[in-house]
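Spelled out from the first residue to the last, the chains are:
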Amino acid sequence: MEWLTAPFEVAFVQRALWAGILVSAICALAGTWVVLRGMAFLGDAMSHGLLPGVAVASLLGGNLMVGAVVSAAVMTAGVTAFGRTPILSQDTGIGLLFVGMLSLGVIIVSRSQSFAVDLTGFLFGDVLAVRERDLTLLGAALLLALAVSVLGHRAFLALAFDERKARTLGLRPRLAHAVLLGLLALAIVASFHIVGTLLVLGLLIAPPAAALPWVRSVSGVMALATVLGTAATFGGLLLSWHLSTAAGATVSALAVGLFLLSHLASGLRHRRRARPAGVPARAVTSARSATTPRPNET
């Protein structure tokens, strides 16, 4: 029992746990829509697109969060603009923004004498360095994300399944898409200094994707994704403490592991449902092969 509780008796690990719980909730709200709409590449591009603003803020000695917000706003505006032009596909526009912003960020960071340290902190974060002020900001970000999710739920739902129907219902799909991008940017900006931009997708995508086979409602996916993200945070911090591994990377790896276990269990459940009760799998296979016409019988 002490093996489970000992790490969380330390103040900075307690703060890391609370930060991970808040980040898990924020990422569940935004990540559910990312998974439903197939926007994983966009999430990856936006997370890396924060680098120029963070680099400039670091070189000027400013607030890294402010720099991340500016870069996120630029990425959101760029993705929205490319989505409205008929010349390029949205994926092409996102890819160009991704490469352009990342290259610009690396160029700016390379001017710093602490290039390796700055870039490592940006990519991988430091969940164990969370301060009480960070928890306050994460709490405010969660309240804002929750408000956006509740107010935009109907429009987001229609946009996710049928954009033309959303336009017919007067739900303004373009505006809904822009707001959804803002929600995604909020989740990434709030999370990048906790687990880093390379690892934020672990909590943004893996928990909602793991929850998807087990619940039927969008709100249910968000709730279960929050629980799974919290479990990954607790387990990741516990393992990193005892194994002396990177905390943020361990949390994200465990989140991906939960996704793999979830889909493995889901696949086994579907196989059992497809097989009649009390009938061995070999008998089902034999019956199917017996009823399948052979080439010379058609």
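About the cut-offs
- Residues numbered from 1 in each chain as written.
- Predicted model: local features only at pLDDT ≥ 70, side-chain atom pairs only at ≥ 80, totals over all residues.
- Heavy atoms only, no water.
- Helix = DSSP H or I, 4+ residues; strand = E, 2+ residues; numbered from the N terminus.
- Buried < 20%, exposed > 50% of the residue type's maximum accessible area, 1.4 Å probe, protein only.
- Areas by Shrake-Rupley, 256 points an atom, 1.4 Å probe, with all protein chains shown as cover.
- Axes fitted to C-alpha atoms, helices over the stretch in contact; angles between N-to-C directions.
- Left-handed = near helix turned anticlockwise from the far one by under 90°.
- Nonpolar A, V, L, I, M, F, W, Y, C, P; charged D, E, K, R; others polar.
- Parallel < 35°, antiparallel > 145°, perpendicular 65-115°, else oblique.
- Contact = heavy atoms within 4.5 Å.
- 1 Å grid on protein atoms, 1.4 Å probe; cavity = no way out; pocket = protein on both sides within 12 Å on 5 of 7 lines; lining within 4 Å.
- Points joined across faces, edges and corners; volume = space filled by probe spheres on them.
- Phe/Tyr/Trp six-rings, centres within 6.5 Å; stacked < 30°, edge-to-face > 60°.

**Student:** Whenever I open this one, the overall build of the chain confuses me. Can you help?
**Tutor:** The secondary structure content of the chain amounts to 15 helices and zero strands. Relative to its 298 residues, the chain shows a buried fraction of 43%. Approximately 15,700 Å² of the chain is accessible, and the part contributed by carbon and sulfur atoms is 66%.

**Student:** Which parts of the structure should I look at to understand the packing of helix 2 (residues 11-37) against helix 13 (residues 218-243)?
**Tutor:** Relative placement of two packed helices is described by the angle separating their axes and the distance separating the axes. Orientation of helix 2 relative to helix 13, taken along the N-to-C sense of each, is 145°, at an axis distance of 8 Å. Relative to helix 13, the crossing made by helix 2 is right-handed. Here the contact of helix 2 with helix 13 is composed, by residue class, of 17 nonpolar, seven polar and no charged.

**Student:** It is not clear to me how the packing of helix 11 (residues 173-195) against helix 12 (residues 200-211) should be interpreted in this structure. Could you clarify?
**Tutor:** Helix 12 packs onto helix 11 with a crossing angle of 130° between their chain directions and a minimal axis gap of 8 Å. The angle between helix 11 and helix 12 places the two elements in the oblique class. Of the residues in helix 12, those in contact with Leu184, Ala187, Ile188, Ser191 and Val195 of helix 11 are Val200, Leu203 and Leu204. In terms of residue class, the contact of helix 11 with helix 12 is made up of seven nonpolar, one polar and no charged.

**Student:** What exactly am I supposed to notice about empty space enclosed by the protein here?
**Tutor:** The rolling of a water-molecule-sized probe over the atoms marks out the regions of remaining empty space. In this structure the tally under the stated criterion is one cavity of 30 Å³ or more. In this model, the largest cavity occupies a volume close to 50 Å³. What lines the largest cavity is simply Ala16, Gly20, Val23, Val127, Ile194, Val195, Leu203, Thr233, Leu237 and Val251. Breaking the lining of the largest cavity down by element, the ones donating at least two residues are helix 2, helix 11 and helix 13. Broken down by element, the residue count for the lining of the largest cavity peaks at three residues, all from helix 2.

**Student:** Explanation requested: helix 4 (residues 51-60) in the structure shown.
**Tutor:** The periodicity of an α-helix, 3.6 residues per turn, causes residues three or four positions apart to be oriented the same way. Listed as buried for helix 4 are Leu51, Pro52, Gly53, Val54, Ala55 and Ala57. With its phi angle positive at about 75°, Gly61 sits one or two positions after the end of helix 4.

**Student:** Even after reading the chapter, I still don't get the packing of aromatic side chains, so can you show me in this structure?
**Tutor:** If you walk through the whole model with that rule in mind, you get four aromatic pairs. Plain terms: the ring middles of Phe8 and Phe234 are 4.6 Å apart, the flat faces sit at 10° to each other, and that makes the pair stacked. In this pair, Phe8 is assigned in the loop between helix 1 (2-5) and helix 2 and Phe234 in helix 13, connecting sequence segments 226 residues apart. The interplanar angle of 90° and the centroid separation of 6.2 Å between the aromatic rings of Phe41 and Phe98 together place this pair among those described as edge-to-face. Taken together, the residues span a long stretch of sequence, with Phe41 in helix 3 (residues 40-48) and Phe98 in helix 6 (residues 90-109) at a distance of 57 residues. Assessed through its relative accessible area of 37%, Phe41 is described here as partly exposed. The buried category is assigned to Phe98, whose relative accessible area is 17%.

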